[in-house]
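# Reading the structure
Take a look at the letters that make up each chain.
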Amino acid sequence: MFRKDVKNLADILNHCLRQDGLETPLMQRRLVESWDKVVGKAIARYTGDKFIKNQTLFVKILNPALRADLTMMRSRLVRNLNVEVGSQVITDIRFY
């Protein structure tokens, strides 16, 4: 006998994560981990703690000059990070 409602395993996993409320924390984790890939190795060396709170990514920058440059590139970084994850996870970035 063949089943008529065959579903993709990825769709089933996404549905289960969404039901259990784990999809958003997983996407947030992926976004924080993709910071180094999006900004590059040179900038990643000067970053410290990273966390998300209320759809805002907070990143500790160890170099004040770099902090000023990244502040001007904030909207592009938000867009690139969300594209990397594949979902609208953050709306703003704050550098401290």
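Located above this text is the structure these notes cover.
The sections below set out a description of the structure shown in this document. For clarity, every value in this text was computed on a predicted model and none was experimentally measured.

### Overview of the environment of Glu84
- Secondary-structure assignment places Glu84 in helix α6 (residues 74-85).
- Filtering out sequence-adjacent residues up to four positions away, Glu84 remains in contact with Ser34, Lys37 and Val38.
- Reaching out from Glu84, the side chain makes a polar contact with the side chain of Lys37 at a distance of 3.0 Å.

### With respect to the sheet that holds strand β1 (residues 47-53)
- Here three strands make up an open sheet; going across it, the order is β1-β2-β3 and the pairing mixed. Only two strands of the sheet have a single partner each, and these edge strands are β1 and β3 (92-95). With strand direction ignored, the average angle separating the axes of adjacent strands in the sheet is 20°.
- Bridge count for β1 against strand β2 (residues 56-61) is five bridges, and the pairing is antiparallel. Within the sheet, the bridge partner assigned to Phe51 lies in β2 and is Phe58.
- Against the sheet, helix α2 (residues 23-33) contacts β1 and β2, and its axis sits at roughly 160° relative to β1.

### Details of a nonpolar patch on the surface
- There is a patch of nonpolar side chains on the surface, built from Leu9, Ile12 and Leu13 and spanning about 290 Å² of accessible area.
- Along the chain, Leu9 turns up in helix α1 (residues 9-20).

### Focus on the packing of aromatic side chains
- Under the definition given, this model contains three aromatic pairs.
- Between Trp35 and Phe95, the ring centres sit 6.4 Å apart and the planes meet at 55°, which makes this aromatic pair tilted. Of this pair, Trp35 sits in helix α3 (residues 35-39) while Phe95 sits in strand β3, placing them 60 residues apart in sequence. With respect to burial, Trp35 and Phe95 carry one shared label: buried.
- When the ring of Phe51 is compared with that of Phe58, the centres are 5.1 Å apart and the planes differ by 15°; the resulting orientation is stacked.
- What makes Phe58 partly exposed here is its relative accessible area of 23%.
- Pairwise contacts between aromatic rings join Phe51, Phe58 and Tyr96 into one cluster.

What counts, and where the lines are drawn
- Residues numbered from 1 in each chain as written.
- Predicted model: local features only at pLDDT ≥ 70, side-chain atom pairs only at ≥ 80, totals over all residues.
- Heavy atoms only, no water.
- Helix = DSSP H or I, 4+ residues; strand = E, 2+ residues; numbered from the N terminus.
- Contact = heavy atoms within 4.5 Å.
- Polar contact = N/O pair within 3.5 Å; in protein donor to acceptor, adjacent residues only side chain to side chain.
- Pairing = 2+ DSSP bridges.
- Axes fitted to C-alpha atoms, helices over the stretch in contact; angles between N-to-C directions.
- Patch = residues over 30% accessible without salt bridge, like charges linked within 9 Å, V, L, I, M, F, W, Y side chains within 5 Å.
- Areas by Shrake-Rupley, 256 points an atom, 1.4 Å probe, with all protein chains shown as cover.
- Salt bridge = Lys/Arg side-chain N within 4 Å of Asp/Glu carboxyl O.
- Phe/Tyr/Trp six-rings, centres within 6.5 Å; stacked < 30°, edge-to-face > 60°.
- Buried < 20%, exposed > 50% of the residue type's maximum accessible area, 1.4 Å probe, protein only.

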